[in-house]
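What follows is the residue order along each chain.
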Amino acid sequence: MPGGDQELGTYYVGVDVGTGSVRAALVDQRGTLLAFADQPINQWAPQFNHHEQSSEDIWAACCIVTKVVQGIDLNQIRGLGFDATCSLVVLDKQFRPLPVNHEGDSHRNIIMWLDHRAVSQVHRINETKHSVLQYVGGVMSVEMQAPKLLWLKENLRETCWDKAGHFFDLPDFLSWKATGVTARSLCSLVCKWTYSAEKGWDDSFWKMVGLEDLVADNYSKIGNQVLPPGTSLGNGLTPEAAKDLGLPAGIAVAASLIDAHAGGLGVIGADVRGHGLACEGQPVTSRLAIICGTSSCHMGISKNPIFVPGVWGPYFSAMVPGFWLNEGGQSVTGKLIDHMVQGHAAFPELQAKATARCQSIYAYLNSHLDLIKKAQPVGFLTVDLHVWPDFHGNRSPLADLTLKGMVTGLKLSQDLDDLAILYLATVQAIAFGTRLIIEAMESAGHSISTLFLCGGLGKNPLFVQMHADITGMPVVLSQEVESVLVGAAILGACASGDFASVQEAMARMSKVGKVVFPRHEDKRYYDKKYQVFLKLVEHQKEYASIMKGD
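Fair warning: this is a prediction, and the values are worked out from it, not measured in the lab.

K.L.:
How should the pattern of salt bridges be read in this particular structure?
P.N.:
Counted by the stated rule, this structure contains 25 salt bridges. The salt bridge involving Lys 153 is made with Glu 212; its shortest N-O contact spans 3.2 Å. Taken together, the residues span a long stretch of sequence, with Lys 153 in helix H3 (residues 145-155) and Glu 212 in the loop between helix H6 (203-208) and helix H7 (216-219) at a distance of 59 residues. Close ionic contact of Lys 153 with Asp 213 constitutes a salt bridge, the shortest N to O distance being 3.1 Å. You can see Lys 153 sitting in helix H3 and its partner Asp 213 sitting in the loop between H6 and H7, a full 60 residues away along the chain.

K.L.:
I'm lost on the pairing of strand S1 (residues 11-17) in this one. Help?
P.N.:
The buried fraction of S1 is high, at seven of seven residues. Burial along S1 is two-sided: the face carrying Tyr 11, Val 13, Val 15 and Val 17 and the face carrying Tyr 12, Gly 14 and Asp 16 are both buried. One ladder, built from seven bridges, connects S1 with strand S5 (residues 77-84); its direction is parallel. Looking across to S5, one finds that Gly 14 is bridged to Gly 81.

K.L.:
How do you make sense of the sheet that holds strand S20 (residues 475-478) when you look at a structure like this?
P.N.:
What links the strands of a sheet is backbone hydrogen bonding, and the strands pair in either a parallel or an antiparallel sense. Judged by pairing direction, the sheet is mixed, and its seven strands sit side by side in the order S15-S16-S14-S13-S19-S20-S21 without closing on themselves. Every other strand in the sheet has two partners, leaving strand S15 (312-316) and strand S21 (512-516) as the edge strands with one partner each. Pairs of neighbouring strands in the sheet enclose a mean axial angle of 25 degrees, with direction left out of account. Where strand S19 (residues 450-454) lies against S20, three bridges are found, and the strand directions are parallel. Bridge assignment links Leu 453 to a residue of S20, and that residue is Leu 477.

K.L.:
Explanation requested: the UniProt feature "domain: Carbohydrate kinase FGGY N-terminal" (unreviewed entry) in the protein in the structure shown.
P.N.:
Mapped onto this numbering, the UniProt entry gives "domain: Carbohydrate kinase FGGY N-terminal" (unreviewed entry) at residues 11-266. Secondary structure content for residues 11-266 is 29% helix and 21% strand, while the C-alpha to C-alpha distance between its ends is 16 Å.

K.L.:
In this structure, what is going on with helix H9 (residues 259-268)? I would like to understand it.
P.N.:
Side chains of residues three or four places apart in an α-helix project in the same direction, reflecting 3.6 residues per turn. Among the 10 residues in H9, 10 count as buried, and that is most of the element. Listing the buried residues of H9 in full gives Asp 259, Ala 260, His 261, Ala 262, Gly 263, Gly 264, Leu 265, Gly 266, Val 267 and Ile 268.

Conventions and cut-offs
- Residues numbered from 1 in each chain as written.
- Predicted model: local features only at pLDDT ≥ 70, side-chain atom pairs only at ≥ 80, totals over all residues.
- Heavy atoms only, no water.
- Salt bridge = Lys/Arg side-chain N within 4 Å of Asp/Glu carboxyl O.
- Helix = DSSP H or I, 4+ residues; strand = E, 2+ residues; numbered from the N terminus.
- Buried < 20%, exposed > 50% of the residue type's maximum accessible area, 1.4 Å probe, protein only.
- Pairing = 2+ DSSP bridges.
- Axes fitted to C-alpha atoms, helices over the stretch in contact; angles between N-to-C directions.
- UniProt positions renumbered as here; feature names shortened; annotations may be inferred.

Structure, rendered in structure tokens:
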């Protein structure tokens, strides 16, 4: 609950809808979290690669978490900002949920961001080689919205497609629910829907891919009023939504952001003076924000558009107004670490030992690694165990959905030491994936000197240190661990008019907590492991071509 430090007297509420939960925070003008709440949300997986949620369930969870404001004078709350995963919400013409499944369950009206059902559709879209694809690294991802829309048209014509009145990105659904305004955020439409900040929609694209029906009525189903993130919407919070959320009617509600972009906004503008960082005297374009939770996103900005093969963007004003955004990503990171650890024979033993010590399994694994490393640096334990981390395909920079995970160097033993070393090798593989993304961005024209890390994995010191060591760059952690919620609150602060610009709000509300520097003495070892890492994918492609051959 808020402490005694209320002389500022101005607060903002940030709401973050992640993959598994909705979180809300009460944040002051200095970017300090004063209260926090979270609430799990349901997911359904009716078949392989199909992942669904419910917009009613998510809104109900939002209404629970916003009660974090209890105990303060509601008149001191000036603005509300939402961020969410880039999942697809389907409503009919009366804004009622429509089913996105063969079962006809209209409660499940969201195709989740990580859903990979539209593989054949995205393949056909990419075969068109349409010019809009150059803004997504040359190849559209199955996780974007056009292939999912095409899947609905081809598979659920009568029960969903023909009845649909509104297709929302989840962040835009939330801002509509709060304000009654159907305007979309530039962030969602530019990043996931092929909208151009300069030119708008491209009719020829939708016609070429077989979605010409969306062009009708000036694109009313997918959005024809598009606003930069942080813009104040309509007349603010409607009386009905205010009652649901327990917040004052009429407070400013901002055009929203995708969750990873809110994390980027929450960290990338921090004042770094006094930390001995190279980026101190450099423009903000020398910073790469990495938002790492279930998956990871790598956000780099530039003054001029930079086209990076296999990396999404350049997207104008999609995160920081006036800057072009490139977005690299890894489809599974936190989820992959969980998968490797929980699937190991020694997992029950790990669980029991961590519980006995009142530690998380990852805190226990990190201390176990310190125990078994003896005199050598901990990273050297994986000298003959190597992982390629694309268990869910490669998002960047290879943009290859068909790639699989690889592990080489397995032995017959299955004890806790083996589990700890496999966990370490997986964390390192994710960091090598980041290095590969950075190299692609730099060879296309970016110049990056410092990583700004946030999200759940930023709380894991091994994950952070490995990213520093393997990229050779310092890693900045925010003072506020929940940077995504700070980003959402920054949107609310901008919408309230309390700051002149998003940049000013970022500088005031994001603070440096800790800086982790790379251990340069281990560089040669990681350079060698990186060579192996690149060989793994080369070999995987060779195996595939052998198996396809005559």
